[in-house]
Amino acid sequence: MHTIGTVELWAVFGAIVLIALVIDFLVLKVSGSHKVSFREAALWSMAWIGLALLFNLGLWWWLGQQSGRAVADEIALEFLTGYVVEKALAIDNIFVFLLIFTRFRVSAELQQRALMVGILGAIVLRAILILVGAALIARFHWILYVFGVFLIYTGIKMARAPNEEADFEGNPLMRWMRRHLRLTDRYHGTALSVVDNGVRYFTPMFVVMALIAVTDVIFAVDSIPAIFAITEDPFIVLTSNVFAVLGLRALFFLLAGMADRFHLLNYGLAATLVFIGIKMMIVDVWKVPVGLSLAVVALCIGTSMVASHLVRRRERHGA
C-alpha cells in the first residue's frame, strides 16, 4: 500500500504521542482526582488541538523539503480534514460517555482516570482496526464501496433515531462481564479490582473503563471508514485518528455540561456520514477534492450546532 510514512516519520509520531501521554499522566498524578473546571478543560482542549496542528505543520514542512510544495499541501489538507472529521464524530462518543458515567454513578473526581485509561485502550484498538482496514483496501479495492454503503446506512439510521438511548445492560461486553467476572457495586477509589476473603472482585471503575474503550471502537467502525474516503494512506489515517482521540478527555469535560445545547448535532453528523459515504461510492468516477470535503463537513457540523442554539433560544423565549 502507498504511504508517506517512513521509519523516521513513524518514530517522530510515536515519540510525540508517548511524550504527550506521559505528560498527561504526570499532570493527572500531580493534580490528583478532582472535578475538572470549564477553564481547565478549555485550556487542555486548546493544547491538544495545538499539538495536532503543530504536527501537521511539521509534516507539511518536511514533505515540502522531500516531495515538493504541491504534495505537502495535499497531504496537510488530508490530515486536517481527517482530523476535523474524527474530532466531529468523537463528539457523539462524548455524549455516550456521559451516559455511562451517569448510569454507573461515576463521581466527577474519578471521571478523569476512567477516561484516561479507557482512551488508551481505544487508541490501541483503533490502531489495529486502521491497519486491518488499510490492508483490506490495498488488497480489495471494492471494500471502499462496502464502506460507502455502510456509512450511508449509518447516517440514515442516525438521522432517523438521533437521540436513541444506549442499552448498557444489553451490551454484549456487559453481559459477558456479568457471566464471567465477579463484579461489585462498590467503588474503591480508582482500584479496578479488590480482594475480599481471598476472592477477587472487579469494581464499577473496571466496568466503566472497559465500556469506554469498547464503545469508542464501536464508534470507530463508523469514523475509520469515513477517513478512508479522504485518504487511503495508513499514516495519515492513524495519525489524524490518534490526535483526535488524545484530546477526547479534555473535550468531554468541555462539552459534558452542554450536551442538551447541541441536541441537533446528530443530524449534522448523520449528514456528514452520508456525504462521505457518497464520496466513497463515486471515488472511481470523481474524486471529490479534499478542500471541498473539509468545507462540507464543517458546514454540516456548524449548521447543526448553530441550529441547536437557535432552537433552544427560541424555546426559552417562547416559554
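See the structure above.
About the criteria used
Residues numbered from 1 in each chain as written. Predicted model: local features only at pLDDT ≥ 70, side-chain atom pairs only at ≥ 80, totals over all residues. Heavy atoms only, no water. Helix = DSSP H or I, 4+ residues; strand = E, 2+ residues; numbered from the N terminus. Rg over C-alpha atoms; globule rule 2.2 N^0.38 Å. Buried < 20%, exposed > 50% of the residue type's maximum accessible area, 1.4 Å probe, protein only. Contact = heavy atoms within 4.5 Å. Areas by Shrake-Rupley, 256 points an atom, 1.4 Å probe, with all protein chains shown as cover. Lys, Arg positive; Asp, Glu negative; His and termini not counted. Charge placed at Lys NZ, Arg CZ, Asp CG, Glu CD. Pairing = 2+ DSSP bridges. Phe/Tyr/Trp six-rings, centres within 6.5 Å; stacked < 30°, edge-to-face > 60°. Lys NZ or Arg CZ within 6 Å of the ring centre and 35° of its normal. Core = buried A, V, L, I, M, F, W, Y, C linked by side-chain atoms within 4.5 Å. Expected span 1.5 Å × (residues − 1). Axes fitted to C-alpha atoms, helices over the stretch in contact; angles between N-to-C directions. Parallel < 35°, antiparallel > 145°, perpendicular 65-115°, else oblique. Left-handed = near helix turned anticlockwise from the far one by under 90°. Nonpolar A, V, L, I, M, F, W, Y, C, P; charged D, E, K, R; others polar. Polar contact = N/O pair within 3.5 Å; in protein donor to acceptor, adjacent residues only side chain to side chain.

(A) Fine view of the overall build of the protein. From N to C terminus, the protein includes 11 helices and two strands. Counted from the first residue to the last, the protein has its helices and strands arranged as α-α-α-α-α-α-β-β-α-α-α-α-α. Here the C-alpha atoms of the protein give a radius of gyration of 20 Å, agreeing with the 20 Å that 2.2 N^0.38 yields for 319 residues. Projected onto the principal axes, the alpha-carbon positions of the protein cover approximately 65 × 55 × 40 Å. Here the protein, with 319 residues, has 48% of them falling under the buried criterion. Long-range pairs, those at least 24 residues apart, make up 81% of the contacts in the protein between residues at least 6 apart in sequence. In the structure as shown, the protein presents an accessible area of about 15900 Å², 67% of it carried by carbon and sulfur atoms. Of the side chains in the protein, 26 bear a positive and 22 a negative charge, and the two mean positions are spaced by 7 Å.

(B) Representation of the pairing of strand 1 (residues 193–196). The pairing of strand 1 with strand 2 (residues 199–202) spans four bridges and is antiparallel. If you follow D196 over to strand 2, its bridge partner there is V199. Turn length for the strand 1-strand 2 hairpin, with the two strands adjacent in sequence and antiparallel, is two residues, and the turn residue N197 shows positive phi of about 55 degrees.

(C) Region of the structure containing the side chain of E86. Position of E86 relative to the elements: it lies in helix 3 (residues 69–103). Each residue touching E86, except ones within four places of it in the same chain, is listed here: R126, S223, I224, I227, N241 and A244.

(D) Highlighting the environment of F101. Assignment of secondary structure puts F101 in helix 3. You can call F101 buried: its relative accessible area is 3%. Distance in space between the C-alpha atoms of F101 and M205 is 9.9 Å, their sequence separation being 104 residues. Leaving out residues up to four positions away in the same chain, F101 has contacts with V106, Q111, A114, L115, V208, I212 and F252.

(E) Broad picture of the packing of aromatic side chains. Applying the stated criterion to the full structure yields 14 aromatic pairs. Both rings, one in F13 and one in F235, keep their centres 6.4 Å apart while their planes meet at 70 degrees; by these two values the pair is edge-to-face. Here the residue F13 occupies a position in helix 1 (residues 7–31), and F235 occupies one in helix 8 (residues 234–246), the gap between them amounting to 222 residues. As far as the burial class goes, F13 and F235 line up, both buried. Aromatic side chains F202 and F206 sit 4.7 Å apart centroid to centroid with 45 degrees between the ring planes, which places their arrangement in the tilted category. Site record: aromatic cluster; members linked through ring pairs are W10, F13, F55, F79, Y83, F235 and F243. The cationic tip of R69 hangs over the ring face of W60; the distance from NZ or CZ to the ring centre is 4.4 Å.

(F) Summary view of the nonpolar core. Core analysis: the largest hydrophobic core is formed by 91 residues, its most contacted members being L59 and F228. Tallying contributions element by element places helix 3 first for this core, with 15 residues. In this view, L59 contacts I4, L9, I75, F235 and I236; residues no more than four positions away in its chain are not counted.

(G) Spotlight on helix 1. With 25 residues, helix 1 extends 36 Å between its outermost C-alpha atoms, agreeing within 8% with the 36 Å of an ideal straight helix rising 1.5 Å per residue. Every buried residue of helix 1 is accounted for by L9, F13, V17, A20, L21, D24 and L28.

(H) Expanded view of the packing of helix 2 (residues 38–67) against helix 8. One way to put it is that helix 2 packs onto helix 8 with a least axis distance of 8 Å and a crossing angle of 160 degrees. One finds that helix 2 runs roughly antiparallel with respect to helix 8. Relative to helix 8, helix 2 is oriented so that their crossing is right-handed. Of the residues in helix 8, those touching helix 2 at W48, L51, A52, F55 and L59 are F235, I236, T239, F243 and L246. Of the residues in the contact of helix 2 with helix 8, the class split is nine nonpolar, one polar and no charged.

(I) Structural view of the packing of helix 2 against helix 9 (residues 248–255). For the pair helix 2 and helix 9, interaxial distance at closest approach is 8 Å and the crossing angle is 145 degrees. Where helix 2 crosses over helix 9, the handedness of that crossing is left-handed. Residues F38, A41, A42, W44, S45 and W48 of helix 2 form the contact with helix 9, whose participating residues are A250, L251, F253 and L254. Of the residues in the contact of helix 2 with helix 9, the class split is nine nonpolar, one polar and no charged.

(J) Looking closely at unusual backbone geometry. In this model, R105 sits at a positive phi of 50 degrees, which is unusual for a non-glycine residue. Summarising the element assignment, R105 is placed in the loop between helix 3 and helix 4 (108–139). A relative accessible area of 66% means that R105 is categorised as exposed. Positive phi, close to 55 degrees, is recorded for N197, a residue that is not glycine.

(K) Up close: the environment of Q111. Mapping Q111 onto the fold places it in helix 4. On the basis of relative accessibility, which here comes to 12%, the residue Q111 falls in the buried class. Each C-alpha atom of the pair Q111 and H309 lies 27 Å from the other, and the pair is 198 residues apart in sequence. The contact partners of Q111, leaving out residues within four places of it in the chain, are F101, V106, F252 and F253. At 3.2 Å, the side chain of Q111 and the backbone oxygen of V106 are in polar contact.

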